[in-house]
Amino acid sequence: MDRKLFFAGALGFITLLIIAISLTTADIKTTRSPETEQERPLSFDPAEKLAPESKDKSICISIIKSLENYHYSEKKLDDFLSSEILDHYLDILDPSKHLFTQKDIKKTEKIKYILDDTLKTGNLAPGFDLFNLYLKRSFQRFVWLIDHVSNWEEEFDFTRDESLLVNHEDLPWPAQEQDLFRVWRRELKNTLLSYRLEGELSHEEITTTLKRRYSSRLNRLSQTNAKDVFRTYINAVTTSFDPHTQYFPPRASEDFDILMSLSLEGIGAVLQSDFEYTKVVRLIPAGPAEKAEVLTPGDKIIGVGQTLKGKIQDVTGWRIDEVVRLIRGPKDTFVRLSIIPADKKGLHNSKTVSIKRDKVKLEEQAAQKSLVTVPGKDKPYKIGIIEIPAFYLDFHAMQAGEKNYKSTTNDVRALIDELEDENIDGLIVDVRNNGGGSLQEVNLLAGLFIKSGPVVQIRDRSGYISRLKDPDPRIVYSGPLVVMINRMSASASEIFAGAVKDYNRGIVVGSRTFGKGTVQGLQPISNGQLKITSAKFYRVSGESTQNYGVEPHIEYPHVYNSKETGESSLKGALPWDRTTPAFFKPYRKLDPIVTELQKNHDQRKKNNPDFVYLQKKFALTHELYTIKSWSLNEDKRKQQKDQHEQKELAIENKRLKKRHLDEIHTIEELENQKKERETPDFLLDETTLIMGDFIKLAESKGFSW
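A brief report on the enclosed structure follows. It should be emphasised that the depicted structure is a prediction, and the values quoted were computed from it without experimental measurement.

### Focus: the overall build of the protein
Across its full length, the protein holds 22 helices and 23 strands. Taken across its 705 residues, the protein has 56% of its residues classed as buried. Long-range pairs, those at least 24 residues apart, make up 77% of the contacts in the protein with a sequence separation of at least 6.

Given below as structure tokens:
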């Protein structure tokens with residue numbers, strides 16, 4: 001395989017960066033007034049607007065040709081796509097609809113169907129014009145915020161019945177410039193109210209914190225240059241083809257290479273821009289963040305501090321590369337992160353966590369085994385468990401011809417041999433949170449469990465389908481097999497689980513997988529690189545793993561919110577579809593056994609406090625995602641917050657009571673408890689019981705392994 005192609009685990013979301021211009025705040029005039037008064041219009045007239053550089057024209061033409069000629073979707077840059085690019089660009093610049101007005105949007109109708117023509121000729125003026133307006137309004141907004149935060153206690157009445165709409169997609173654009181003030185006022189009031197309810201900062205500290213934040217944002221805007229505008233606009237174009245297709249200028253290419261290297265000293269997390277925030281997309285297996293158990297996918301980072309006692313720098317609105325550079329650092333040093341947890345959406349309850357930086361060690365990402373016993377028919381069953389955090393391969397050692405090079409398949413084969421020496425009755429392969437890796441390795445790994453046949457199909461844009469097949473007719477393990485998956489099982493993990501399911505080789509349990517079923521390659525551009533989606537993965541059944549992922553036979557309660565994590569949460573993700581099934585020979589039918597396993601599982605989970613807890617906890621988190629507005633009345637907002645916390649405590653205490661443990665009374669106690677008490681892997685425990693049932697049922701039906 002061409003090494004320029006990404007391995008099957010490429011979840012790498014490198015974000016669009018929206019940054020700066022050289023201007024001073026003296027150019028902006030505003031008048032502060034009480035909450036009930038009218039604002040006077042803002043005036044802003046920068047002496048010099050940003051314009052494309054001479055080389056941008058040829059780079060743009062080159063990118064457009066590559067997209068039209070090589071992208072998997074075969075999209076053509078026409079009027080329809082032109083309209084999509086404009087919508088996508090507006091969403092990047094102003095997702096919260098607090099900068100542009102209906103009047104502005106009406107003006108964009110003039111360019112809605114001509115962006116295709118201008119981009120083909122390298123004319124970037126429409127994109128730069130819109131970005132310059134974005135900068136103008138952004139400057140106005142932050143100067144307004146700084147001005148109004150100075151005397152916020154006198155200006156804002158927190159007893160008034162007001163509310164802030166949460167879902168910006170449902171919001172109309174403000175009618176005119178004057179209406180922007182109402183939007184900014186409510187956003188500022190919401191921020192102030194969040195600080196007041198947290199109760200950790202005094203009035204003066206809140207004022208200082210927000211002034212510093214908004215001044216920092218102004219300063220960063222003042223550093224914007226033409227390169228930043230070009231990258232933002234051109235990536236609005238590339239990601240309109242699909243979210244994984246992106247342009248990297250030289251410096252960003254270096255950052256991307258660092259991101260793909262596991263030797264990076266840091267916290268072991270993949271990050272993504274989410275408008276003003278930096279969002280955690282996934283945790284690297286065996287990395288410092290995963291070991292610390294203080295971050296989860298969907299958490300938003302709003303501050304970064306060095307050492308255990310250092311000052312925390314507010315990073316709201318920072319470029320993601322700058323946030324990453326703050327988080328990186330030497331091994332064995334500490335970084336503190338101020339985060340808004342994923343399960344606190346809308347509440348803005350921030351908390352601070354500490355992580356010790358370290359290298360992500362390959363040996364810690366290696367497959368590991370364990371052995372447990374469960375009650376059997378006549379004697380206890382021995383169950384082998386192999387956890388695979390990633391699909392890894394020492395490419396250089398393999399090329400050098402070393403016999404025992406490090407790889408997932410070599411390690412798992414050795415672990416299976418060791419477990420077979422223990423006379424195991426069944427094997428569980430755990431690929432939860434496995435973000436993928438080497439495509440070659442997942443093909444070889446599946447081959448350890450099947451005699452022969454294809455493992456995965458890869459279709460390119462021309463429709464040509466290549467198939468990776470098991471090259472070895474030997475079966476290393478032929479007994480009962482269960483595969484564990486979850487929402488963070490991606491790419492190579494999905495290929496493995498899909499093959500096991502399609503061949504009826506084993507039972508798949510857990511929750512629906514990530515849905516990363518596309519292949520990206522790097523193309524050099526005259527000034528940087530283009531990461532472009534060139535192919536799509538399909539299971540041997542003909543079903544794509546893209547977008548929808550792989551469904552388990554037996555579903556466990558959800559842990560991650562699909563609106564925040566997974567391919568389906570990304571705008572413009574390529575759709576799920578089918579292709580021609582490959583020729584393969586499935587093993588025995590498992591449907592009757594799956595029905596019995598499901599029945600037994602359903603009976604157990606009714607009385608399992610951990611399963612009940614997980615279902616109720618997810619339902620409570622989901623509630624926050626359905627709330628359409630938050631009250632800006634302090635008493636009502638406090639009531640909303642208290643009600644949520646009481647529900648959270650009630651769910652937790654019900655589980656503690658079932659475990660005969662002491663109740664907790666505050667959210668602080670809950671957080672401390674999480675740090676102090678080791679949480680058992682009850683999902684794995686249930687999987688071992690499912691395996692016990694599987695063995696019994698297989699024996700009763702006379703299965704010969």
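### Notes on the side chain of Lys617
Looking at where Lys617 falls in the secondary structure, it is placed in helix α19 (residues 609–626). In this view, Lys617 contacts Asp343, Glu648 and Ile651; residues no more than four positions away in its chain are not counted.

### Considering the pattern of salt bridges
For the structure shown, the criterion picks out 35 salt bridges. We note a salt bridge from Lys636 to Asp161, for which the minimum N-O separation is 2.9 Å. In this pair, Lys636 sits in helix α20 (residues 634–658) while Asp161 sits in the loop between α6 (152–155) and β3 (163–165), placing the two residues 475 residues apart along the sequence.

### Some words on helix α15 (residues 408–421)
Taking 1.5 Å as the rise per residue, α15 with 14 residues should run 20 Å; its terminal C-alpha atoms sit 20 Å apart, in good agreement. Buried residues along α15 sit in contact with β13 (368–374), β14 (381–387), β15 (426–430) and α16 (439–447). Just downstream of α15 lies Asn423, where phi reads positive at about 60°.

### Notes on the packing of helix α5 (residues 125–149) against helix α7 (residues 177–198)
Interhelical geometry of α5 versus α7 gives an angle of 50° and a closest axis separation of 10 Å. Classified by the angle their axes make, α5 and α7 are oblique. Taken as a pair, α5 and α7 cross one another with a handedness that is right-handed. On α7, the residues that touch Arg137, Gln140, Arg141, Trp144, Leu145, His148 and Val149 of α5 are Glu177, Leu180, Phe181, Trp184, Arg185, Glu187, Leu188 and Leu192. Taken together, the residues of the contact of α5 with α7 break down into 8 nonpolar, 2 polar and 5 charged.

### Concerning the sheet that holds strand β22 (residues 554–555)
Judged by pairing direction, the sheet is mixed, and its 6 strands sit side by side in the order β13-β14-β15-β18-β19-β22 without closing on themselves. One side of each edge strand has no neighbouring strand; the edge strands of this open sheet are β13 and β22. Sheet topology places β13 next to β14; 7 bridges connect them, and they run antiparallel. In the strand pairing of β14, Leu371 is matched with Gly384.

### As for the packing of α19 against α20
Taken N-terminus to C-terminus, the directions of α19 and α20 make an angle of 175°; their axes are 9 Å apart at the nearest point. With respect to α20, the element α19 is oriented roughly antiparallel. Of the residues in α20, those touching α19 at Pro609, Asp610, Tyr613, Lys616, Lys617, Leu620, Glu623 and Leu624 are His644, Lys647, Glu648, Ile651, Glu652, Lys654, Arg655 and Lys658. Here the residues of the contact of α19 with α20 are counted per class, giving 5 nonpolar, 1 polar and 10 charged.

### Section: the packing of aromatic side chains
Considering all chains together, one arrives at 14 aromatic pairs under this definition. With a centroid separation of 6.5 Å and 35° between ring planes, the pair formed by Phe156 and Phe158 is classed as tilted. Look at Phe156 and you get buried, because its relative accessible area is 4%. Look at Phe158 and you get buried, because its relative accessible area is 7%. By way of ring pairs, the aromatic residues Trp144, Phe181 and Trp184 are connected into one cluster. The lysine or arginine in question, Arg220, covers the ring of Trp318, its NZ or CZ lying 3.6 Å from the ring centre. Lying over the aromatic face of Tyr613, Arg655 brings its terminal NZ or CZ to 3.7 Å of the ring centre.

### Some points on a negative patch on the surface
A cluster of acidic residues, Glu153, Glu154, Glu204 and Glu205, forms a negative patch on the protein surface. Taken together, the elements giving at least two residues each to the negative patch come down to α6 and α8 (203–221). Structurally, the position occupied by Glu205 is in helix α8.

### A closer look at the nonpolar core
General note: in soluble globular proteins, nonpolar side chains tend to be found buried as a group. Core analysis: the biggest nonpolar cluster contains 64 residues, and Phe100, Leu119, Leu188 and Leu192 have the highest contact counts within it. For this core, the elements supplying multiple residues, two or more each, are α1 (56–70), α2 (79–93), α4 (115–120), α5, α7, α8, α9 (226–238) and β21 (528–538). Among the elements that line this core, the one with the most residues is α5, at 12 residues. When neighbours within four sequence positions are excluded, Leu188 is seen to be in contact with Trp144, Leu145, His148, Val149, Phe156, Leu210 and Tyr214.

### Some points on the environment of Asn527
Relative to the helices and strands, Asn527 resides in the loop between β20 (518–525) and β21. Owing to a relative accessible area of 21%, Asn527 belongs among the partly exposed residues under this scheme. Here the alpha-carbon distance between Asn527 and Ser58, two residues 469 residues apart in the chain, equals 9.8 Å. When near neighbours in sequence (up to four residues on either side) are disregarded, Asn527 contacts Lys55, Ile59, Tyr247, Phe248, Pro249 and Pro250.

### Some points on the pairing of strand β8 (residues 300–306)
Side-chain direction in a regular strand flips from residue to residue, so the side chains alternate between the two faces of the sheet. Within β8, 6 of the 7 residues are buried, which leaves the element mostly enclosed by the surrounding structure. When strand β7 (residues 277–283) meets β8, the two strands line up antiparallel, connected through 2 bridges. For Lys279, the partnering residue across the bridge sits in β8 and is Lys300. Where β8 lies against strand β10 (residues 334–340), 6 bridges are found, and the strand directions are antiparallel. Its bridge partner lying in β10, Ile301 is registered against Ile339. Bridge count between β8 and strand β9 (residues 312–314): 3 bridges; the pairing is antiparallel.

### Details of unusual backbone geometry
Backbone geometry places Asn433, a non-glycine residue, at a positive phi of 65°. Relative to the elements of secondary structure, Asn433 occurs in the loop between β15 and α16. Although it is not a glycine, Asn547 adopts a positive phi angle of roughly 75°. Position of Asn547 among the secondary structure elements: in the loop between β21 and β22. Judged by its relative accessible area of 18%, Asn547 is buried.

Definitions and limits used
Residues numbered from 1 in each chain as written. Predicted model: local features only at pLDDT ≥ 70, side-chain atom pairs only at ≥ 80, totals over all residues. Heavy atoms only, no water. Helix = DSSP H or I, 4+ residues; strand = E, 2+ residues; numbered from the N terminus. Buried < 20%, exposed > 50% of the residue type's maximum accessible area, 1.4 Å probe, protein only. Contact = heavy atoms within 4.5 Å. Salt bridge = Lys/Arg side-chain N within 4 Å of Asp/Glu carboxyl O. Expected span 1.5 Å × (residues − 1). Axes fitted to C-alpha atoms, helices over the stretch in contact; angles between N-to-C directions. Parallel < 35°, antiparallel > 145°, perpendicular 65-115°, else oblique. Left-handed = near helix turned anticlockwise from the far one by under 90°. Nonpolar A, V, L, I, M, F, W, Y, C, P; charged D, E, K, R; others polar. Pairing = 2+ DSSP bridges. Phe/Tyr/Trp six-rings, centres within 6.5 Å; stacked < 30°, edge-to-face > 60°. Lys NZ or Arg CZ within 6 Å of the ring centre and 35° of its normal. Patch = residues over 30% accessible without salt bridge, like charges linked within 9 Å, V, L, I, M, F, W, Y side chains within 5 Å. Areas by Shrake-Rupley, 256 points an atom, 1.4 Å probe, with all protein chains shown as cover. Lys, Arg positive; Asp, Glu negative; His and termini not counted. Charge placed at Lys NZ, Arg CZ, Asp CG, Glu CD. Core = buried A, V, L, I, M, F, W, Y, C linked by side-chain atoms within 4.5 Å.

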